[in-house]
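Commentary on secondary and tertiary structure
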Amino acid sequence: MSAPTDDPANDARWWRRAVFYQVYPRSFCDTDGDGVGDLDGVTAHLDHLEYLGVEAIWLDPVMVSPMVDHGYDVADPRDVDPLFGGMAALDRLLDAAHARGIRVTMDLVPNHTSSAHPWFSAALAAGPGSAERARYIFRDGRGPGGSEPPNNWPSVFGGPAWTRVTEPDGRPGQWYLHLFDAAQPDLNWDNPEVFEDLEQTLRFWLDRGVDGFRIDVAHGMTKAPGLPDMAVTDTRLLADLDDDPRFNNESVHEVHRFIRRVLDDYPGTVAVGEVWVYDNVQFAAYLRHDELHLGFNFRLVRAEFDAAEIRDAIDNSLAAVALEGATPTWTLSNHDVDREVTRYGGGAVGLARARAMALVMFALPGAVFVYNGAELGLPNVELPDEALQDPVWERSGHTERGRDGCQVPMPWCGDAPPFGFSSSPDTWLPMPPQWAELTVQRQRADPGSMLNFYRRAVAIRRDRAEFADADFGWLETPPDTLGFRRGSLTCLLNAGSRPLPLPAGEVLLASSDVTDGQLPPDAAVWLVAP
Ligand code: NOJ
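Scoring rules and cut-offs
- Residues numbered from 1 in each chain as written.
- Predicted model: local features only at pLDDT ≥ 70, side-chain atom pairs only at ≥ 80, totals over all residues.
- Heavy atoms only, no water.
- UniProt positions renumbered as here; feature names shortened; annotations may be inferred.
- Helix = DSSP H or I, 4+ residues; strand = E, 2+ residues; numbered from the N terminus.
- Rg over C-alpha atoms; globule rule 2.2 N^0.38 Å.
- Buried < 20%, exposed > 50% of the residue type's maximum accessible area, 1.4 Å probe, protein only.
- Contact = heavy atoms within 4.5 Å.
- Areas by Shrake-Rupley, 256 points an atom, 1.4 Å probe, with all protein chains shown as cover.
- Lys, Arg positive; Asp, Glu negative; His and termini not counted.
- Charge placed at Lys NZ, Arg CZ, Asp CG, Glu CD.
- Salt bridge = Lys/Arg side-chain N within 4 Å of Asp/Glu carboxyl O.
- Polar contact = N/O pair within 3.5 Å; in protein donor to acceptor, adjacent residues only side chain to side chain.
- Near = heavy atom within 4 Å.
- Nonpolar A, V, L, I, M, F, W, Y, C, P; charged D, E, K, R; others polar.
- Arc of directions from axis to C-beta.
- Pairing = 2+ DSSP bridges.
- Right-handed = clockwise from strand over helix to strand, strands pointing away.
- Domains from an automatic or database assignment.
- Buried area = accessible area lost by both parts, 1.4 Å probe.
- Core = buried A, V, L, I, M, F, W, Y, C linked by side-chain atoms within 4.5 Å.
- Axes fitted to C-alpha atoms, helices over the stretch in contact; angles between N-to-C directions.
- Parallel < 35°, antiparallel > 145°, perpendicular 65-115°, else oblique.

The protein chain goes by Alpha amylase, catalytic domain protein in an unreviewed UniProt entry, where it is assigned to Mycolicibacterium hassiacum. If you open the UniProt record of the protein chain and go to Sequence similarities (unreviewed entry), you find "Belongs to the glycosyl hydrolase 13 family."

As structure tokens, then:
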């Protein structure tokens, strides 16, 4: 078994076993009192990230945006929105994070722009057939007078994926494609100008010292030739199907090769793609040596707290990356899905299971992504209708509540909202008074807290040789439990209802009390052979 290495050649691939921390900037810390988090708030709390022991940050989008989809609608891809403190605040964060040895990766949104992007205004003004329209996907409608959308595609956020425009002469005109909100028109990746502009954007941030990108909708961008109708339009929000003509088309790999060629000019940078593709061979294609370095694999996010499902998710994730000799990635949550404490049942049981699953995740070979607040064991928040801000709520005709419940701001200190998140009581999403128990301040002072448990797990994972390479093997364990081995380390999970007697060995870390030699239900443990 090899120990962590200082070989600079390997260092360029630092991300292979890194713990990334996802910062949702709106919800991290607000330093200017407007109730919305900002980049100086991230800089102010780098001590928290250092305490946790993470190697890198993934920042959700901070570019100039009308914030219809909270920054995933980009109006200027080469500037930071004043809401987040502008470019100077990003430079301060980069300097301060790098001084602590923490790398900073940014979200990049190449599938679409905001409808407030100058390109889109120019496209509307220029009319059908223009070079300006050719940067997006404009089509004539079907039916009498072109009054029906060009095809039957639904938007991922609900409703049709097409919106009709009024032409410069005042008449109803063409339709444009938006796989998400109508304020997020899809770019046309058959147009070389779109590639050129992306290259400018990539180099702009890389030249500023950014360490890489999380690529939004990395399986999107190019669409099936001819934009054919979908066979099945009853897709769940944010859960794409593998045979969906909106996503995962062969030509998308050309975009990834293009991105990779630019990143290769900046050694040590990384691209991690949001790849909602379930077929292993198709998923692995994104991780070929000249495409993405890492691909998010959402199988663990979708697995119930069930030993067989979890094992299957791990097996498939490992098998998929093995096809290309690539690095696995693991995450239990992000800003788009319910928090794991809630998914696993909520309350004390949900929290115990989230602790257990954190141990499973940190024991796996590869890169780990922790969504801000997971380290505090935050649950989702049931927000009142009037507080909801996700465009999904409106676009689904109030049938899908959207993602606000997992994006409630971080509680830092004190006994009442806004818990040090902001000086304003009017935070962009309301914070529940019950989070007084969950603040960073409280949890730092409590050796048994989720925060200190996460911290120990990250430290052990970083320091022990067992975690250094890809070695992994399943162990035979009773039903409703699972076990695997990394060198001399064993990780056991009890997802059943009866205690599991522990084998001999030294307990490195356990998510619950195991002093009686048994692993209780809803718990996990790391053991090393005696
Ligand atoms: C995926 C992002 O994670 C999500 O938050 C966003 O709404 C969509 N892509 C559209 O950009």
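So, next bit.
1. A look at the overall build of the protein chain
The number of helices and strands found in the protein chain is 15 helices and 20 strands. Taking 2.2 N^0.38 as the reference for a compact globule, 530 residues should give roughly 24 Å; the C-alpha atoms of the protein chain span a radius of gyration of 23 Å, in line with that estimate. When the backbone C-alpha atoms are referred to their principal axes, the protein chain occupies close to 80 × 50 × 45 Å. A burial count over the protein chain gives 59% of its 530 residues as buried. Partitioning the intrachain contacts of the protein chain with sequence separation of at least 6 by distance along the chain shows that 67% fall at a separation of at least 24. Of the roughly 19,700 Å² of accessible surface on the protein chain, a fraction of 50% belongs to carbon and sulfur atoms. With 44 positive and 80 negative side-chain charges, the protein chain shows a spacing of 3 Å between the two charge centroids.

2. Concerning the pattern of salt bridges
A complete count under the given rule lists 28 salt bridges for this structure. Across the salt bridge formed by R135 and E193, the nearest N and O atoms sit 2.8 Å from each other. Of the two residues, R135 sits in the loop between α5 (118-126) and β6 (138-139) while E193 sits in helix α6 (residues 192-207), which places them 58 residues apart along the sequence. Among the residues examined, R135 registers a relative accessible area of 14% and is labelled buried. According to the relative accessible area criterion, E193 is partly exposed, its value standing at 27%. In this structure, D385 engages R401 in a salt bridge whose closest nitrogen and oxygen atoms are separated by 3.0 Å. Placement of D385 in the loop between β13 (367-371) and α13 (391-395) and of R401 in the loop between α13 and α14 (440-445) is noted, with a sequence separation of 16 residues between them. For R401, a relative accessible area of 33% translates into the label partly exposed. Salt bridges linked by common partners bring D69, D336, D390 and R403 together as one network.

3. Points about the side chain of N280
As for its position among the elements, N280 is in helix α8 (residues 280-285). Engagement of the side chain of N280 in a polar contact is seen with the side chain of R299, the distance being 3.1 Å.

4. Some remarks on the site of the ligand
With respect to spatial proximity, 13 residues lie near the ligand, and among them D69, D216, H335, D336 and R403 are the closest. With respect to the ligand, the side chain of R214 contributes an N or O atom lying 3.0 Å from an oxygen atom. Note that an oxygen atom of the ligand is positioned 2.5 Å from one of the side-chain N or O atoms of D336. Calculation on the ligand without its partners gives an accessible area of 300 Å², and the protein chains cover 99% of this total. Grouping the amino acids of the shell around the ligand by side-chain chemistry returns 4 nonpolar, 3 polar and 6 charged.

5. With respect to α5
Looking only at α5, the buried set comprises W119, F120 and A123. Taken end-on, α5 shows its buried residues confined to a sector of 95°, consistent with a single buried face. With respect to the buried face of α5, the exposed residues turned more than 90 degrees away are P118 and A125. Looking at the buried residues of α5, the elements they touch are β6, β8 (172-177) and α6. One or two steps after α5, the chain reaches G127, where phi turns positive at roughly 85°.

6. Overview of the pairing of strand β10 (residues 270-274)
Counting buried residues in β10 gives 5 out of 5 residues, a clear majority hidden from the surface. With burial as the criterion, each face of β10 is covered, one bearing V270, V272 and E274 and the other bearing A271 and G273. Where strand β9 (residues 212-215) and β10 come together, 4 bridges link them in parallel fashion. For R214, the partnering residue across the bridge sits in β10 and is V272. One ladder, built from 3 bridges, connects β10 with strand β11 (residues 294-296); its direction is parallel. Bridging from a neighbouring strand, E274 pairs with F296 of β11. A crossover links β10 with its parallel partner β11, the connecting element being α8, and its sense is right-handed.

7. Brief notes about the domain arrangement of the protein chain
Along its sequence, the protein chain is carved into domain 1 (8-111 + 192-458), domain 2 (118-177) and domain 3 (471-528). Put simply, the middle of domain 1 and the middle of domain 3, counted by C-alpha atoms, are 29 Å apart. Listed as interface residues are 22 residues of domain 1 and, on the opposing side, 20 residues of domain 3. In total, domain 1 and domain 3 occlude about 1,800 Å² of area from one another, counting both sides; carbon and sulfur atoms represent 73% of this. For the pair domain 1 and domain 3, the interface holds 1 salt bridge.

8. Quick word on the environment of I137
With respect to the helices and strands, the residue I137 is situated in the loop between α5 and β6. Overall, I137 belongs to the buried group, its relative accessible area being 6%. Separated by 37 residues in sequence, I137 and Q174 have C-alpha atoms that sit 10.0 Å apart. The contacts of I137, once residues within four sequence positions are left out, are W162, W175, Y176, L177, D186, L187, N188, K223 and L227.

9. Comments concerning the nonpolar core
Formed by 152 residues in total, the largest nonpolar core has its most connected members in F20, L39, F213, F362, Y454, L493 and W526. With sequence-adjacent residues up to four places away left out, F213 is seen in contact with T105, M106, L108, L202, W205, L206, L263, V270, A271 and V272. I137, L177, F180 and L227 belong to the second largest nonpolar core, which has 15 residues in total.

10. Looking at the packing of helix α12 (residues 347-363) against helix α15 (residues 450-463)
Interaxial distance between α12 and α15 falls to 10 Å at its minimum, and their mutual angle equals 10°. Relative to α15, the element α12 is oriented roughly parallel. Where α12 abuts α15, its residues L351, A354, R355, A358, L359, M361 and F362 lie against M450, F453, Y454, A457, V458 and R461. Per-class residue counts for the contact of α12 with α15 are 11 nonpolar, no polar and 2 charged.

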